[in-house]
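# Descriptive analysis of the structure
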Amino acid sequence: MILDVFAVSLVLSLIFKRRIFHLHQTDIRFVYLFPLPFVLQFLPIENRVLMMVISYSLLLFLLAFNWNIPGFKFIVIGSILNFVAILLNGGRMPVYGPLAAAMGLRASIKHALLENFEPILLIGDIIPAYTPWGRKFLISVGDVLVYIGLMVFMLTRPKGSSLERAL
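Residues numbered from 1 in each chain as written. Predicted model: local features only at pLDDT ≥ 70, side-chain atom pairs only at ≥ 80, totals over all residues. Heavy atoms only, no water.

### Here we look at helix α3 (residues 48-64)
Short version of the rule: Numbering of helices and strands starts at the N terminus; helices are DSSP runs of H or I of at least 4 residues and strands are runs of E of at least 2. What a helix is expected to span follows from its residue count: subtract one and scale by 1.5 Å. Residue exposure (1.4 Å probe, protein chains only): buried if accessible area is under 20% of the type maximum, exposed if over 50%, otherwise partly exposed. Along the arc lie the directions from the helix axis toward the C-beta atoms. Working rule for contacts: check all heavy atoms of both residues, and any pair within 4.5 Å makes them a contact.
Under the 1.5 Å per step criterion, the end-to-end length of α3 is 24 Å for 17 residues, consistent within 8% with the ideal 24 Å. Taken as a whole, α3 has its buried residues at R48, M51, M52, S55, Y56, L59, L60, L62 and L63. For α3, the buried positions fall inside an angular range of 160 degrees around the axis, keeping them on one side. Those residues of α3 that are buried lie in contact with α2 (35-41) and α4 (72-88).

Next comes the structure, spelled out in structure tokens:
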């Protein structure tokens, strides 16, 4: 779903001439390292919890260095919530199994289906999300915060942008 949110944010940014035209004014520290935590999550490592701890620790480290960029506070808080859910569930994001089955969804390597409702699901994947183009997902509260952060980042002009200077 993150790719869907990124695509929508990108299109809106183009339409409203927002951040996409001002990326050169955004100082994202260690931007070249951001793909690494996500690559680590898909490695076929037997100790899943250790891999997720390493992955999320690196991600949170990178995000913390960019705390002052619009939207990153939401992304940090959402990532922490997702990390806690994954950590408390043995290295996989908890997903409410009956809801996933009703939507025709299957668990990936990063997910664990829980057949009974448990408190961990309050920060797990329990929110149904549908795109206008027919894709469907279960997302978490943390995901919602990450998506809000991404939208804020993509739709906020950096301070001192050419438009603000013209006004």
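What follows picks up the thread again.
### A closer look at a nonpolar patch on the surface
Inclusion rule: Surface patches are defined over residues having more than 30% relative accessible area and no salt bridge, joining like charges when they lie within 9 Å and nonpolar side chains (Val, Leu, Ile, Met, Phe, Trp, Tyr) when within 5 Å. All accessible areas in this document rest on Shrake-Rupley with a 1.4 Å probe, and a residue is counted as covered only by the protein chains that are shown. By convention in these notes, a salt bridge is any Lys or Arg side-chain nitrogen within 4 Å of a carboxyl oxygen on Asp or Glu.
Residues L36, V39, L43 and I45 make up a contiguous nonpolar surface patch of roughly 300 Å² in combined accessible area. The partly exposed category is assigned to I45, whose relative accessible area is 38%.

### Regarding the environment of M154
As for its placement among the helices and strands, M154 is situated in helix α6 (residues 141-155). Along the sequence, M154 and L10 sit 144 residues apart, while their C-alpha atoms lie 6.8 Å from each other.

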